[in-house]
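Residue-level structural notes
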Amino acid sequence: MPISTTTDFDGGGGAVKCQPADTHVEIEMVDAKDYDYLGYFHFKLEGAAGETVSFEITNREETGDRMSEEYQLVYSETPGPGEWSQFDDAVEGGFEREFDDDTVSIASWPAYPYESTVERVDQLAAEYPALVETDVIGESYEGREMHSIRITDPAVANAEKTDIVCTTRQHPGETHGSYQMDAIIDRAINRLNGSSGGFVDDYVFHFLPNLNPDGMYHGYHYDDARGNNHNREWDTPGPVEIDNARNYLLDEVSDLHWAFDLHASTDGTHDAVRHWESNMSDAHLGMIDDIEAASLSLSGTSVEDDPELARGWLHSELPGDGSGVTTEAWTYYGYRPAELEREGSDFLAAVTTPLEEA
Ligand SMILES: [Zn+2]
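Residues numbered from 1 in each chain as written. Predicted model: local features only at pLDDT ≥ 70, side-chain atom pairs only at ≥ 80, totals over all residues. Heavy atoms only, no water.

The name that an unreviewed UniProt entry assigns to the chain is Peptidase M14, with the source organism given as Natronorubrum halalkaliphilum. Per UniProt, the chain carries the Cofactor (unreviewed entry) text "Zn(2+)". (UniProt positions renumbered as here; feature names shortened; annotations may be inferred.)

Okay, here's the thing in structure tokens:
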């Protein structure tokens, strides 16, 4: 039976054209925007149950070999994050697999749909009512809800706390940030609920998990549904998604300690850690060293003077002596979810000191 492909679902789309014929799928990567064929893609096969499906990427060389011959695409037979496996075979020369399920997701790297961020918010609120407060901070242009996750120890007065901010998915195809954020949330909760001891200092954690809901839903790499690149919009009025984020942060953050803006990168062939070097204390530059050490494929990037973008806004506009960092996971490194989760956990460890249990 012939199979078919679709990108018409939450998180489906991106830079790919599929041409299924019988049980063979030709994948043509598309050069949208300026990311050199290296963007996010995610499509579903339908009618795959019991079929051995073969795949071929027809234009990998367009990436200038930055998607390497050895790269392995990922697939998932169950929707949602964390359930992704790499194909056994590398992309070069084509690859194939027999599937059990009728519907199978295929992606450039592990996807993380918009609805999964909503489910995560609901799960945290239900599971940890003493530590976690969630809120809807507004709606996207197309009417999708945006959320905040606030995590803190209610037994400590807020005046004694500093704020740790973590944002992701301004660039919706950079799903790596969602996996890292999940691990940062888990580490914060595990320390605060006593299962692994607290922190030397007291914090209010603020997580904004879905800064570009429309782009996430439509499977775009960088933009929202109107073509805005959200990371270029922090020093301008609007778009509405960035207004929602700024309003939440200006209302809720009183003494910033650290801000993470989690991204992925198609620029080079390695992770990047971008920070406003000339605006940071020696202690905070030491934390940057630890964040760099936690990045699995780091080539290193500093930004001498860059008050633009979210990183600059978080530095400049929020009260307190905190610092901000933009982390960028290399999209075609071949990250597995567990590796991203380890990075996220280590990122938080870099800017906090654990209070070990006696
Ligand atoms: Zn980005």
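Of the protein atoms, only His-171 (ND1), Glu-174 (OE), Glu-174 (OE) and His-263 (ND1) coordinate the zinc ion, at distances of 2.0 to 2.6 Å. Motif for the zinc ion, donor spacing along one chain: H-x2-E-x88-H. One end of the pair, His-171, is in the loop between β13 (161–168) and α2 (176–192); the other, His-263, is in strand β15 (residues 256–265), and 92 residues separate them in sequence. A relative accessible area of 5% places His-171 in the buried class. (Donors = N, O, S within 2.8 Å, 3.2 Å for Na, K, Ca; no water. Helix = DSSP H or I, 4+ residues; strand = E, 2+ residues; numbered from the N terminus. Buried < 20%, exposed > 50% of the residue type's maximum accessible area, 1.4 Å probe, protein only.)

What follows deals with unusual backbone geometry. Going from Gly-238 to Pro-239, the amide bond is cis rather than trans, its omega being -5 degrees. Structurally, Pro-239 is set in the loop between α3 (213–218) and α4 (240–252). One non-glycine residue, Asp-22, adopts positive backbone phi at about 50 degrees. Relative to the elements of secondary structure, Asp-22 occurs in the loop between β3 (16–21) and β4 (24–29). Here Arg-169, not a glycine, exhibits a phi torsion of approximately 65 degrees, which is positive.

The next thing to look at is the sheet that holds strand β17 (residues 323–330). Here we have 7 strands laid out as an open sheet, ordered β11-β12-β14-β13-β15-β17-β16, and mixed in their pairing. Because the sheet does not close on itself, it has two edges, and the strands there are β11 (132–139) and β16 (272–275). Ignoring which end each strand starts from, the neighbouring axes of this sheet average 20 degrees apart. Of the strand pairs in this sheet, β13 and strand β14 (residues 202–208) are connected by 7 bridges, and their pairing is parallel. Among the inter-strand pairings, Asp-163 is bridged to a residue of β14, identified as Val-204. (Pairing = 2+ DSSP bridges. Axes fitted to C-alpha atoms, helices over the stretch in contact; angles between N-to-C directions.)

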